[in-house]
Amino acid sequence: MLTKNNRFTILMAFVCAIATTFPFITKAQNHNSGSNNTKEKIASAINGYLGILAVTTGKIRKHGELLNSYNLRVNDRYLSGGRVSKFTPLLKQLPEREKERGIVGLSDIPEAHRAEVDKLFNSIWSKLGERLQLELILNDLTKDYPPATNVARLDSIYSYLEQIDHNYKEYYALTMRFEELAADIYAQYLADDKNSAWKDTAGEMKVVIDSVRNYIYNAREGYYSDESPLDTLYLSQALEHLAVDKTKNLGAIKRVKGSDGSNAHQYYDLFIHHMQRAMREFHNPYKPLMPYAPQPYYYVVNEFDYAIDDYNKIMTLSGRSDLTEPPAYLVGLVKEIGLYNFSGPRKAPEPESVNLSNDADPLPINVSMEGFAYTHTVLLLDVSGSMNDPVKLPLLKQSIMRLAPYMREYDRVSVVIYSDDAQVIFENEPFSNQKAMKKMETLISKGNTDAQKGLKEAYKLAEKEFITQGNNRIIIATDGDFHIDDKTEKMVQKGYEKGVFLSVFGFGHKIYDEKRFEALTAMSGGNYLHIDEDNSLQALVAELQAVRK
């Protein structure tokens, strides 16, 4: 077993190994005797290019998660035969103004590398332009919500998603090449053999960066799992030493803020803070970093990129001569992007046949779930005082209890109630769960009505327990007085685009918000029905059988 001392020895050996790889940590590879003014211009020019790459990468960082989500929704529509939701372009426009500010120093790049820098940067920018065009075409292909049965259109949608995936990866590879080029230019024109607090700081921070980058690479390749978990012990120790060595590393670097508000000491602390948060995200129990998991991957990369921002600001400050410590003219790094891997449609398991229990209550209608998709139904029940009538909430509860024996094991139900507040009673339970059914049966009506909170909770559950190729449905049961704002209406529309349908069961002789209910269900692919003793069972069955396998 490794002792703490042994681990520290290994860590320091790793630091030394890294130091030999990055020229600004060691003595200069080329003793260039250029003036400080020339060096300052070269470093400023390189960091200007890296700055614009930081801006563009920051704009597309979250796109991996969003692209993955859209890709999976297309797969769901392919399997269910529904309509494909519209793709909204993620890259609205190219940051041309920032680009012009970033490339003003091209003439200060050494002539031997000027053409290479210009060509590589233009290749990166070309990839962004290509990405924008691909997204606009995909938006045009899907703007009319085409049916997934349109094979030619669906093939085109998949083709453009795959091209976006390739573009995403090519962009990342080119930015990493630019980082290597920046390091080469530093080694040839800016590095020297003088000791420097700037170099000490950069060297120890770079050890942390390379450790996290290695973890991110492995996460991107899907190497981590329950059987092969991520071990961040050495990263933890490196961050501890970085914190302890702050005074030694920063040396005489001015603590006070410069004219532009910059403070190397502040960025040093922020770097440690963001890297510690990245390390915690690697082990977040609510967002486990399992193979191909874009969302938790995004949270890790988000914190990592904030740390890169802090590092780059220190590198830029290293070229200033007004911070006591002699300038070192260090250059920055590029950021990581999100995770997206194109995926074609996946088929879900065939629904099982229905086996009715012997004590199932005979019904006046034919109930069979055979041939229909599995269902997750969120019942959003108004339990305000006005629903305490035998033909309102009690009638609905009785109908559900009678249907329960006819449901399959993978047919699921969740219950959310609302009156003065909203509350989840149970979530994603089979209809056969007697304990859950008992909870629903004992619900009583009291209080006022706050529908908006209840609807938000219902959509959270519907999306959380979404069944691919399934019947994902929210049923509101109310006698009216249903007030929601524009933001909640937009949530309903987005839910429909993701495959969550909303229906409303209206109870009572006079329902005040019937027009609102009709409009709400029209925009969400559901149904509005006036429920009484004669149709309560039929209405429930129709919702449960709304999607065929």
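Everything numeric here is computed off the predicted structure, so don't read it as measured data.

Reading guide: rules and limits
- Residues numbered from 1 in each chain as written.
- Predicted model: local features only at pLDDT ≥ 70, side-chain atom pairs only at ≥ 80, totals over all residues.
- Heavy atoms only, no water.
- Helix = DSSP H or I, 4+ residues; strand = E, 2+ residues; numbered from the N terminus.
- Buried < 20%, exposed > 50% of the residue type's maximum accessible area, 1.4 Å probe, protein only.
- Areas by Shrake-Rupley, 256 points an atom, 1.4 Å probe, with all protein chains shown as cover.
- Phe/Tyr/Trp six-rings, centres within 6.5 Å; stacked < 30°, edge-to-face > 60°.
- Pairing = 2+ DSSP bridges.
- Axes fitted to C-alpha atoms, helices over the stretch in contact; angles between N-to-C directions.
- Contact = heavy atoms within 4.5 Å.
- Parallel < 35°, antiparallel > 145°, perpendicular 65-115°, else oblique.
- Left-handed = near helix turned anticlockwise from the far one by under 90°.
- Nonpolar A, V, L, I, M, F, W, Y, C, P; charged D, E, K, R; others polar.

(A) View of the overall build of the chain. Across its full length, the chain carries 17 helices and 6 strands. Residues counted as buried form 51% of the 549 residues belonging to the chain. Approximately 25700 Å² of the chain is accessible, and the part contributed by carbon and sulfur atoms is 49%.

(B) Representation of the packing of aromatic side chains. What the rule picks out here adds up to 9 aromatic pairs. When the ring of Tyr 49 is compared with that of Phe 121, the centres are 5.1 Å apart and the planes differ by 80°; the resulting orientation is edge-to-face. Residue Tyr 49 is located in helix H2 (residues 36–60), and its partner Phe 121 is located in helix H5 (residues 111–142); the two are separated by 72 residues in the primary sequence. Per residue, the accessibility class of Tyr 49 equals that of Phe 121, and both read buried. Ring plane angle 25° and centroid distance 5.8 Å describe the contact between Phe 517 and Tyr 528, whose orientation is recorded as stacked. Remark: Tyr 528 occurs in strand S6 (residues 528–531) and Phe 517 occurs in helix H16 (residues 514–522); sequence separation between them is 11 residues. Here Phe 517 and Tyr 528 have matching classes, each one buried. Pairwise contacts between aromatic rings join Tyr 49, Phe 121, Trp 125 and Phe 178 into one cluster.

(C) Region of the structure containing the sheet that holds strand S1 (residues 375–382). Reading across from one edge, S3-S2-S1-S4-S5-S6 is the order of the 6 strands in this open sheet, with mixed pairing throughout. The open sheet is flanked by strand S3 (422–430) and S6, the only strands paired with a single partner. Along the sheet, successive strands turn relative to each other by an average axial angle of 20°, direction set aside. Pairing between strand S5 (residues 501–507) and S6: 4 bridges, direction parallel. Note on S6: the bridge partner recorded for Val 504 is Tyr 528. Relative to S1, helix H14 (residues 451–464) is tilted by about 170°, and along the sheet it contacts S1, strand S2 (412–418), S3, strand S4 (471–478) and S5.

(D) Representation of the packing of H2 against helix H6 (residues 151–189). Look at H2 against H6: their axes get within 11 Å of each other, and the N-to-C directions meet at 165°. Viewed along their axes, H2 and H6 adopt a mutual orientation that is roughly antiparallel. Once H2 is placed against H6, the crossing between them reads as left-handed. Along the contact surface, H2 presents Lys 39, Ile 42, Ile 46, Tyr 49, Leu 50, Leu 53, Thr 56, Thr 57 and Ile 60, while H6 presents Tyr 168, Tyr 171, Phe 178, Ala 182, Ile 185 and Tyr 189. Here the residues of the contact of H2 with H6 are counted per class, giving 12 nonpolar, 2 polar and 1 charged.

(E) Expanded view of the pairing of S3. In terms of strand pairing, S2 meets S3 through 6 bridges, oriented antiparallel. Among the inter-strand pairings, Val 416 is bridged to a residue of S3, identified as Val 424. Counted along the chain from S2 to the antiparallel partner S3, the turn is 3 residues long.

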